[in-house]
Structure formats: structure tokens, C-alpha cells
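What follows is each chain in one-letter form.
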Amino acid sequence: MSIPQSGGGPIESFDQLAQYLADGCKPKTDWRIGTEHEKFGYCKDTLNPIPYAGPRSVLAVLEGLRDRHGWKPIQEGDYLIGLEKDGANVSLEPGGQLELSGAPLESIHETCDEVNTHLREVKGIADEVGVGFIGLGAAPIWTHEQMPVMPKGRYKLMTEYMDKVGTMGKTMMYRTCTVQVNLDFGSEADMVQKFRVALALQPVATALFANSPFLEGKPNGHKSWRSRVWRDLDADRTGMLPFVFEDGFGFERYVDYALDVPMYFVYRDGKYINALGQSFRDFMKGRLPALPGETPTLSDWADHLTTAFPEARIKKFMEMRGADGGPWRRLCALPAFWVGLMYDQGALDAAWDLVKGWDAETREALRVAASKDALQAQVGDINMLDLSRRVLAISREGLKARAKPGAGGMIPDERHFLHAREDSVEDGRVPADELLEHYHGDWAGDLSRIYAEYSY
């Protein structure tokens, strides 16, 4: 979840809203990669989720990062709720999941180094205080009642609202984790092509990174339960956005969509003001019930954009949001997958050629099938395993064409980061398949073993 935005003058016209998005356009030389990942923390002795405060807690980890590794604190009132350093942020998800939002970096070599440094720092502190962290798409055993609640005003408002608009909103907030990558676009046309490819192929990422087959101690019938959860969260702000594929789509059309997403809040003077279900269009007219007579600033618009949760979304960059959280060794594969597809024009064109004939029903059916069956999904004549193999081959060629070297030039490009996913399409098994094999095999149904064998 995003931290509050700041800066920006008053909004006086619709054009400013579209221009805010268009201001994200950058020349290719300035395109960067931002990787985000979330992970569950737990007490090693009880295997229960860590609370916000106490000797074994999220707060203890945040304070350790602050005091030992030079991270600067982010406060909400009296509470330490995040950290920042060198363009990166560490923040808290509603149930205490710890998130790294990485700095915008030039190569996957750099972003992977950043992730590895962060995880080493976290592990060093966590080990000392008796805390473990595990990378999964959904909490495997914990019930909703067991989850702590982080002291953030945004989450309090969202929690109260979720049951009014769907059945799984609180499950998403408190018991799921994701890994995502944020990428740039060069122009409105470039954004449109990337957005269409991103949405159409998000089910492939869901399938390849499926890693949430358990709920409350037993298999849940889906290989990506996290993806399943998103389908019953809030129809006004989630989904595959069919309008993106319509003629004439661009920044203005996305603004129209975002304006129709009901508001959650307005952030003023360090506090979240309840605007649940209210209209940003009314806000622009000075008719917002939460703040009568006031009109929004660009920072309010930036905040509002963070409350739309489609499978891919745009702000001043594009977010790929379809993958489950995962183990340390696989976190760098997700940015590699999307960078290979998006940052080389030949690869992007090839990916678009692959998906441009699909209709909205096909794209949605792939999303549904991916969450349940991962690489074994079949939609009409589209076989997910074959599709994933073809998409990975395109991504691989894109990374080769980028030719971004690492290790002082000893590694010629970024293709090796795809190896973990290429192995999946070779044997047809994703992380969820591996977990289910353990559960039905050597674990003999004892899911508590997942913590010892899959923690960071």
C-alpha cells in the first residue's frame, strides 16, 4: 500500500488530471525498474503472526533497520509506520506484512542487489529478536481473527468499507502478499501498448508465480488463492479493465475510469479523513461531503490513484500486479519477466501480436483459470503452459536485446534471472505445485513445516 503523497497545487481542470499521468512519460534512456515485494512475519516460537509492537514485532524490525542501517523514519502520529533511504521505502501492509518498495534502478542486476541487501538486513535483525519472514502469496494457516492490525488510518477506513463492497477485501488486506514491478513509458502510445500487453499477460504472471495453495491449514483448491481473492474484493476498483483495449484509449480515458472509482479518504494534516464511497468528481466541484467547500490538490489525485486496484495500473509509471509473493531466490524473476517484454520494442511488438486477437471474455477466463490451475490452465485453444513458454521466450529475447551487463561486465545481460521460471515451464510445475507435493507427501498434512523449510 502506498504512503501519502505530498506537493502539487490546486486542481482547476480535468486536463490537469490527464497531464499528471502524461508527466510520467520519459525518454527510453531514463526508463527505470522499481521492484516491490511483501512478506509475512511470524514469531519463531509460536508460528503466529507478529504484532505491531513488542519484543518480537514489526516495530522491533523497523527500529532495527532505522538504528543499524541508516533508514529514516516515517511517522503517522506517534507510530513508526515506515522507513525511507536512497529512493526506497519500507512500509507496512494492514496485517503487518513488511514491504520493500525499491528505488528506481537501471537494471535488474541493481534491483536484485537491492532486494538481497534488504532481505539480509531484515534477516539479521529478525533472527536476533526471534522473528521469521516467509514469502508466500497468502497466509497458509492463520485465520483473519489472528491477524494484527497496523496503526495506519488508511487501513482502518478500508477495513470498515470492505464488507460493504465485496466478500474478500479483508482477506486481501490482512492475509495476502505480492511481488510487483513498476516500469516507465515513453509516450501515450507507448503507455497504451504496454498497458494492453500488461493486462492481457497478467494471467501468465499469475500462473508462473502461483504460490498460495493453502488457506487456514489446508489446500484451498487454487494454486493462486491471492488471485482468487482479488475477484471478489470490489468490482469498482479491480479487474482486467476491458476499456483499455477500446479504440481511443489514452490518459484521458484512464482519468475517466479513476474518477468513477469511489474514494476512500482525503489526507490532511497527518490524518485520514473518511470519504468512503464519495466521488472525486464531486470533490472537484467543491461538493465533497467529507470536506464541504474544499477542492482537491494534485497530491489528493495522486493519493486517489493508489486506491484503484486493477491487475495492472498507471500512475506516473505502470505497475504489474498479478503475481504472488515468493521465496527469496525467485523475487528477481518477476521484474526480469516484465522488463524483457516491455523495455525492448521488438519484444513488446511480439507480445502484442500474441494477444491482440483476444477478446475481453478470453482475457478474463485466463485470469480465472490461472488462479485455479496455474500452468495446467486451459481456455479454449489456449494452453497456459504453451503460452507461458512462448511469452518467456519473448521476454528472454528482450533481455538479450537490452544487453544490460552485470558483475562488472562478467554477465552480459539479464537473461539468467528468468531461469527459475524457465525451469517451471520445462517441468510444468510452479511454486504452488511444489508446496502441494510436500503437503501430500513428506509433510503428511502438517503445514506448520512450511515455516522451517520456506522462510527467508
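Everything discussed here concerns the structure shown above.
Residues numbered from 1 in each chain as written. Predicted model: local features only at pLDDT ≥ 70, side-chain atom pairs only at ≥ 80, totals over all residues. Heavy atoms only, no water.

Draft legend 1. Summary view of the overall build of the protein. Along its length, the protein carries 17 helices and 17 strands. A globule of 456 residues ought to have a C-alpha radius of gyration of about 23 Å, and the protein, at 21 Å, matches this closely. Here the C-alpha coordinates of the protein stretch approximately 65 × 55 × 45 Å along the principal axes. Across the 456 residues of the protein, 60% fall into the buried class. The long-range share in the protein, meaning contacts at least 24 apart out of those at least 6 apart in sequence, stands at 73%. In the protein, 52 positive and 67 negative side-chain charges are present, and the distance between their average locations comes to 2 Å. (Helix = DSSP H or I, 4+ residues; strand = E, 2+ residues; numbered from the N terminus. Rg over C-alpha atoms; globule rule 2.2 N^0.38 Å. Buried < 20%, exposed > 50% of the residue type's maximum accessible area, 1.4 Å probe, protein only. Contact = heavy atoms within 4.5 Å. Lys, Arg positive; Asp, Glu negative; His and termini not counted. Charge placed at Lys NZ, Arg CZ, Asp CG, Glu CD.)

Draft legend 2. Structural detail: the packing of aromatic side chains. Per the stated rule, a full pass over the model turns up 22 aromatic pairs. Each residue in the set Phe195, Phe243, Phe249, Tyr254 and Tyr257 is aromatic and connected to the rest through ring pairs, giving one cluster. The lysine or arginine in question, Arg253, covers the ring of Phe243, its NZ or CZ lying 4.2 Å from the ring centre. Over the face of the ring belonging to Phe245 we find Arg363, whose NZ or CZ atom lies 3.4 Å from the ring centre. (Phe/Tyr/Trp six-rings, centres within 6.5 Å; stacked < 30°, edge-to-face > 60°. Lys NZ or Arg CZ within 6 Å of the ring centre and 35° of its normal.)

Draft legend 3. Fine view of the nonpolar core. Membership of the largest hydrophobic core comes to 156 residues, with the highest contact counts inside it found for Phe195 and Trp338. The contact partners of Phe195, leaving out residues within four places of it in the chain, are Leu241, Val244, Phe249, Tyr254, Ala312, Arg313, Ile314 and Met318. (Core = buried A, V, L, I, M, F, W, Y, C linked by side-chain atoms within 4.5 Å.)

Draft legend 4. Just the state of the cysteines, in detail. Following the criterion strictly, the structure yields one disulfide and no others. Disulfide pairing is shown between Cys112 and Cys332; the S-S distance is 1.9 Å. Residues Cys112 and Cys332 are joined through a disulfide that is right-handed, its torsion about the S-S bond being 85 degrees. Placement of Cys112 in helix α3 (residues 108–129) and of Cys332 in the loop between β15 (318–324) and α11 (333–342) is noted, with a sequence separation of 220 residues between them. Relative accessible area serves as the criterion here: at 8%, Cys112 is assigned to the buried category. (Disulfide = S-S within 2.5 Å.)

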